[in-house]
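Examining the three-dimensional arrangement
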Amino acid sequence: MSGSQPWTAAPSAAEHARSVLAASWSCAVTAEGGREEFVGAHTVAEEGRVTLDVPEDSTLVAAAICAPRGEPSAVLEFADVAPVPVRSRIRARLWIAGRLVPVDGRLEFTTTRVVLRRPSGAVVVDLDEFAAAAPDPLATAEARLLTHLADCHPDAVERLTRLVDADSLHGAVRVQPLAVDRHGLTLRIERARAHGDIRLPFHAPADDVAQLTERMHALLTQASAASCPRALQRQRTDRDG
């Protein structure tokens, strides 16, 4: 990458898991009674504890009541889906195993195991770290921010490719913003038969949208000062021809 920056931090596995949980609107629950999909049915407490508000006739209620005492009774699954249309839109999956306990007409979930699967592989998240971690401050705004960048500022996305090595852009047919967190922006580079991701780290973490705006302006300023990769220049010529 041209003009390397000193800040290269990325969210920890626990922070990433909490961010997926905070941003997800739907979840799938697998219990002995089967698998059910729910939309807008879960809430998350500060320490990451999940509560489900499900219909009284849901098989989950029976599964929670009939589960042997102290035994895991369910697995919750959350998908981290890229808000911008790209190939392989599932960026990560989060599985939380534990026990469902009926309390005042709702199901409270006690976590016994957390697994986060990212493109780099699956990792078991320490339960104490999961409870102590905070979601990324941009997690709930990420979808709006990325779709705005992709839909309204494609020129800015193209300019940011100047910060990417020319080799990484070889054969590229499309570049889209894939993810953003307080530490940086990730671009998805799609080729005819494959794709890859490039992370552009911010010079310092962004704790809110105002700081993110400043970090993005800094990246764009850096990109403006960089030369256009030859691979992208060839792309433009082929497209224009």
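Keep in mind it's a predicted model, so treat the numbers as computed, not measured.

Attention now moves to the pairing of strand S9 (residues 172-181). Taken across its 10 residues, S9 has eight buried, putting it largely inside the fold. Where S9 lies against strand S10 (residues 184-191), eight bridges are found, and the strand directions are antiparallel. In the sheet register, Arg 174 faces S10, and the bridge partner there is Glu 190. Counting the residues between successive antiparallel strands, the hairpin from S9 to S10 contains two residues.

What follows covers the sheet that holds S10. Spatially, S9-S10-S11 is the arrangement adopted by the three strands of the open sheet, whose pairing is antiparallel. Each edge of the open sheet carries a strand with a single partner, namely S9 and strand S11 (195-201). Within the sheet, the average angular offset between the axes of one strand and its neighbour, ignoring direction, is 25°. Here helix H4 (residues 142-152) sits on the sheet and contacts S9 and S10; the angle it forms with S9, its principal contact strand, is near 150°.

Another aspect to go through is the packing of aromatic side chains. Scanning the entire structure with this criterion turns up zero aromatic pairs. Over the face of the ring belonging to Phe 130 we find Arg 18, whose NZ or CZ atom lies 5.6 Å from the ring centre.

Attention now goes to the pattern of salt bridges. The full count for this structure, using the stated rule, is 11 salt bridges. With a closest N to O distance of 2.9 Å, Glu 77 and Arg 93 form a salt bridge. Taken together, the residues Glu 77 in strand S5 (residues 74-81) and Arg 93 in strand S6 (residues 90-103) connect sequence positions 16 residues apart. Note on Arg 93: relative accessible area 28%, which makes it partly exposed. Here Glu 214 and Arg 215 are joined by a salt bridge, their closest N and O atoms 2.4 Å apart.

A few words on the confidence of the model for the protein chain. Confidence in the prediction for the protein chain averages 88 pLDDT; 89% of positions are at 70 or higher. Note that pLDDT drops below 50 for residues 1-7; the model gives that stretch 22 contacts with residues more than four away or on any other chain. pLDDT under 50 marks residues 233-238. Its contacts with residues more than four places away, or in other chains, come to seven contacts.

Before going further, it helps to examine unusual backbone geometry. The phi dihedral of Ser 88 is positive, around 50°, even though this residue is not glycine. Along the chain, Ser 88 turns up in the loop between S5 and S6. The class for Ser 88 is partly exposed, based on a relative accessible area of 46%. Located in the positive-phi region is Asp 104, a residue other than glycine, with phi close to 50°. Looking at Asp 104, the relative accessible area reads 77%, which means it is exposed.

It helps to recall that an α-helix has 3.6 residues per turn; residues three or four apart then point in one direction. Considered for burial, the residues of H4 that qualify are Glu 142, Leu 145, Leu 146, Leu 149 and Ala 150. Taken down its axis, H4 places every buried residue within 120° of arc, on the same side. Facing away from the buried side of H4 by over 90 degrees, the exposed positions are Arg 144 and Asp 151. Looking at the buried side of H4, the elements it contacts are S6, helix H5 (154-160), S9, S10 and helix H6 (209-225).

Along the chain, Arg 215 falls in helix H6. In this structure the side chain of Arg 215 is engaged in a polar contact, spanning 2.9 Å, whose partner is the backbone oxygen of Ala 204. With residues near it in sequence (within four places) discarded, Arg 215 still touches Phe 202, His 203, Ala 204, Pro 205 and Ala 206.

Definitions and limits used
Residues numbered from 1 in each chain as written. Predicted model: local features only at pLDDT ≥ 70, side-chain atom pairs only at ≥ 80, totals over all residues. Heavy atoms only, no water. Buried < 20%, exposed > 50% of the residue type's maximum accessible area, 1.4 Å probe, protein only. Helix = DSSP H or I, 4+ residues; strand = E, 2+ residues; numbered from the N terminus. Pairing = 2+ DSSP bridges. Axes fitted to C-alpha atoms, helices over the stretch in contact; angles between N-to-C directions. Contact = heavy atoms within 4.5 Å. Phe/Tyr/Trp six-rings, centres within 6.5 Å; stacked < 30°, edge-to-face > 60°. Lys NZ or Arg CZ within 6 Å of the ring centre and 35° of its normal. Salt bridge = Lys/Arg side-chain N within 4 Å of Asp/Glu carboxyl O. pLDDT = per-residue confidence, 0-100. Arc of directions from axis to C-beta. Polar contact = N/O pair within 3.5 Å; in protein donor to acceptor, adjacent residues only side chain to side chain.

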